[in-house]
Amino acid sequence: MELLFNHAGDFGQGVLVTLGLVVYGVLGSIVLGTVLAALKTSPIRVARAMSSTYILIFRNVPLPVQMVLFVFGLPQLDIQFSLYASAAIALVLYTAPFVAETIRSGLNTVDRGELEAGRALGFAPMMSLRLLVLPQAMATVVRPLGNVYITMVKNTSVAALVGVAELTFLTDKLAVDQASPFLIFAGAAISYLVLGLAVGRLVAALDRKVAFSR
């Protein structure tokens, strides 16, 4: 245990980097996922096809493959990002399809009459979607979205593959330096557990608030 206390600062640094990836991942994927869900439920065939193709590809190619291709492939096209930014973008692109499918399931629970009511009130289709349909859909998928983001917390560990100094990367480095992999990785496991539980508690609190509002 003394070893873990001595390197608490290193674990803290890794947790902060991981938290940053989580925040960017949540914000980016909720925006992109909402757009994809709206396109997939659109009456426009081309929009549905574009969304379905994106979801099909990015859901079925493993995140490590996507991250390596993104980080090391884009420079071949003269497109440069920092390792951290590349990892965050890859995480968003991978998570967004799961968010989109979750939101789409929520959209399917909203009565079609809501759109008719919006039309009767003079709302444009996009305004009806934004003001009437999406808020109701989001209220029904808080817990499923929470599960997606708890999984995303664990997926941030893939960033270690491309050299981002997040929790797994620093844990691996410490395990080699200290020649004590069991204790070091046990500390990392506890850190991920705490992060996952924290996200779960936030989701549960938000779900209760939304349920009360309904």
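Note that the coordinates shown come from a computational prediction; the quantities given were computed from them, not determined experimentally.

A.B. asks: Can you help me understand the overall build of the chain in this one?
C.D. replies: If you tally the helices and strands in the chain, you get 10 helices and zero strands. Along the chain, helices and strands appear, N-terminal first, in the series α-α-α-α-α-α-α-α-α-α. For the chain, with 214 residues in total, the buried portion stands at 40%. Taking contacts inside the chain between residues at least 6 apart in sequence as the whole, the part at least 24 apart equals 76%. Total accessible area computed for the chain in this model is approximately 12000 Å², and 69% of it derives from carbon and sulfur atoms.

A.B. asks: I keep staring at the nonpolar core and nothing clicks. Help me out?
C.D. replies: Nonpolar side chains tend toward joint burial in soluble globular proteins. Counting 45 residues, the largest nonpolar core has Met67 and Leu107 as the members making the most contacts within it. Counting only elements with at least two residues in this core, the list comes to helix H2 (8–40), helix H3 (45–60), helix H4 (63–73), helix H5 (83–107), helix H7 (125–140), helix H8 (142–155) and helix H10 (181–213). Ranked by the residues each element gives to this core, the list is headed by H5, at 10 residues. Dropping the residues within four chain positions of it, Leu107 is found in contact with Ala37, Thr41, Leu129, Val133, Leu134 and Ala137.

A.B. asks: What is the right way to read the pattern of salt bridges from this model?
C.D. replies: Where charged atoms of side chains with opposite charge meet at close range, the side chains can pair. Here the structure, examined in full by the defined rule, presents four salt bridges. One salt bridge in this structure joins Lys40 and Glu101, with 3.2 Å as the shortest N-O distance. Of this pair, Lys40 sits in helix H2 while Glu101 is found in helix H5, placing the two residues 61 residues apart along the sequence. As a salt-bridge pair, Arg104 and Glu101 come within 3.1 Å of each other at their nearest N and O atoms. In this pair, Arg104 and Glu101 are both assigned in helix H5, three residues apart and thus about one turn of the helix distant. Here Arg104 falls in the partly exposed class, since its relative accessible area comes to 26%.

A.B. asks: So what exactly am I meant to see when it comes to the side chain of Ser86 here?
C.D. replies: Along the polypeptide, Ser86 turns up in helix H5. When its relative accessible area of 3% is taken as the criterion, Ser86 is described as buried. Apart from the residues lying within four places of it in its own chain, the contact partners of Ser86 are Phe70, Val71 and Phe81.

A.B. asks: Would you mind going over the packing of aromatic side chains with me for this structure?
C.D. replies: Geometrically, a pair of aromatic rings is defined through the distance of the ring centres and the angle of the planes. Tallied over the full model, the rule gives four aromatic pairs. Between Phe70 and Phe81 the ring centres are 6.1 Å apart and the planes differ by 20°, which places this aromatic pair in the stacked class. In this pair, Phe70 is assigned in helix H4 and Phe81 in the loop between H4 and H5, connecting sequence segments 11 residues apart. Using a relative accessible area of 43% as the deciding quantity, one classes Phe81 as partly exposed. Where Tyr94 meets Phe98, the ring centres are 5.3 Å apart and the plane angle is 55°; that geometry is what we call tilted. Of this pair, Tyr94 and Phe98 both sit in helix H5, four residues apart, which is roughly one turn of that helix.

A.B. asks: What is the right way to look at the confidence of the model for the chain in this model?
C.D. replies: As a general rule, the predicted coordinates of low-pLDDT regions are not to be interpreted in detail. Scored by pLDDT, the chain has a mean of 83; 83% of the residues are at 70 or more. Mean pLDDT across the elements of the chain ranges from a minimum in helix H1 (residues 2–6), with 50, to a maximum in H3, with 94.

Calculation notes
Residues numbered from 1 in each chain as written. Predicted model: local features only at pLDDT ≥ 70, side-chain atom pairs only at ≥ 80, totals over all residues. Heavy atoms only, no water. Helix = DSSP H or I, 4+ residues; strand = E, 2+ residues; numbered from the N terminus. Buried < 20%, exposed > 50% of the residue type's maximum accessible area, 1.4 Å probe, protein only. Contact = heavy atoms within 4.5 Å. Areas by Shrake-Rupley, 256 points an atom, 1.4 Å probe, with all protein chains shown as cover. Core = buried A, V, L, I, M, F, W, Y, C linked by side-chain atoms within 4.5 Å. Salt bridge = Lys/Arg side-chain N within 4 Å of Asp/Glu carboxyl O. Phe/Tyr/Trp six-rings, centres within 6.5 Å; stacked < 30°, edge-to-face > 60°. pLDDT = per-residue confidence, 0-100.

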